[in-house]
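Structural characterization, general
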Amino acid sequence: MTADRGPLLGEGREAEIFGWGDGQALRLLRDPNAGPRLEWEAAAMRAASRAGVAVPTVDGVIAVEGRPGLVMQRIVGTDLLTELGRRPLRFHRRARELGTLQARLHATTAPPELPAVRDWLRGRIQLAPHLPDETRASTLELLDALPDGDGLCHGDFHPGNVMVGERGPVIIDWVGGARGDPPGDLARTMLLLEVATRPNASAVTAVIDAIGRRWFARTWRRAYERRRPVDPAAFDRWMTVHAAARLAEGFDDEIPSLLARLEAQTATRA
């Protein structure tokens, strides 16, 4: 179909977000062949909503000028990462809220049509640049030994993908929605809180940011584990797997810290 899109609200590597109708938004993918991914995204969001997790309401998957798009509720507010930058005294409260929210999400069984996290990780590890062949092989063996799981996983759950509006925290950007072992999804979050970089940060800001994110991650994980206990050994194995897979995502500033983590974990297991 062709239609008059509303204003451009935002864009990333994979999609553009437009206003659409009354109180709606259109997430329009750049790849015309990526329609099935939006069907999975919609299924994940609907499952989360049924479980009482705050997500944008899904109105349907459509095609606009040959490109697949997801029509959903438009959330008016500020992403949590921006909010924390403006109001750092809310760190503790927000970390506890997000840990609790992620635990509630992981209590939900994923729809069977969702892709498996394991398959996504295997593909990323096989393609990851900078990964020594021996480390690649050992990480794939580690992945094969980890459980599949059938929990609903967001795949990219971090403060930048949480909007704070009138309804409180709302989880957005479900493109990585999948079924898998919940501790693996928690490990992905903890890895992002550890290694994700902020461009153009001064040296002083970077130190403060590192201290703040460690505190934030510890508070988040404690809140999560009060509701869903996590085996520490399994969690560490998932962290290794996600560190290797993250190398395939093209964030060059993270490469040294990811490789250092992988080397340290390899030495610990030896």
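These figures come from a predicted structure and were not determined experimentally. (Residues numbered from 1 in each chain as written. Predicted model: local features only at pLDDT ≥ 70, side-chain atom pairs only at ≥ 80, totals over all residues. Heavy atoms only, no water.)

**A word on the nonpolar core**
Which entries qualify depends on this criterion: By convention a nonpolar core is built from buried Ala, Val, Leu, Ile, Met, Phe, Trp, Tyr and Cys residues, the set being connected through side-chain atoms within 4.5 Å. Exposure classes here rest on a 1.4 Å probe applied to the protein chains alone. A residue is buried below 20% of its type maximum, exposed above 50%, and partly exposed in between. Here a residue-residue contact requires only that any non-hydrogen atoms of the pair lie within 4.5 Å.
Ranked by internal contacts, the top residues of the largest apolar core, which has 65 residues, are Leu152, Trp174 and Trp220. Sequence-distant contacts of Trp174, defined by excluding residues within four places in its chain, comprise Glu41, Ala44, Met45, Ala48, Val55, Leu105, Leu152 and His154. Judged by nonpolar contacts, the second largest core, of 6 residues, contains Phe18, Leu26, Leu28 and Val64.

**A closer look at the sheet that holds strand β2 (residues 15-19)**
Note the threshold: We call two strands paired when DSSP finds no fewer than two bridges between them. Counting from the N terminus, the helices are DSSP H or I runs at least four residues long and the strands are E runs at least two residues long. The axes used here are C-alpha line fits, helices contributing only the stretch in contact, and every angle between their N-to-C directions lies in the interval 0 to 180 degrees.
One open sheet accounts for 5 strands, arranged β1-β2-β3-β5-β4; its pairing is antiparallel. The open sheet terminates on both sides in strands that have one partner only, identified here as β1 (8-11) and β4 (58-64). On average, each strand axis in the sheet is tilted by 20 degrees relative to the strand beside it, whichever way the strands run. In the sheet, strand β3 (residues 24-29) pairs with strand β5 (residues 67-73) via 5 bridges, with the strands oriented antiparallel.

**A short note on the packing of aromatic side chains**
Which entries qualify depends on this criterion: When two rings of Phe, Tyr or Trp (its six-membered ring) have centres within 6.5 Å they constitute a pair, described as stacked for plane angles under 30 degrees, edge-to-face for angles over 60, and tilted for the intermediate range. Charges are assigned to positions over rings by a cutoff of 6 Å between ring centre and Lys NZ or Arg CZ, combined with an angular limit of 35 degrees from the ring normal.
A full pass over the atoms with the stated rule returns 4 aromatic pairs. An angle of 70 degrees between the planes, with centres 5.5 Å apart, marks the rings of Phe91 and Phe216 as edge-to-face. One end of the pair, Phe91, is in helix α3 (residues 91-106); the other, Phe216, is in helix α7 (residues 203-225), and 125 residues separate them in sequence. Ring pairing ties together the aromatic residues Phe91, Phe157, Trp215, Phe216 and Trp220, which thus form one cluster. The side chain of Arg221 reaches across the aromatic face of Phe235, ending 3.8 Å from its centre.

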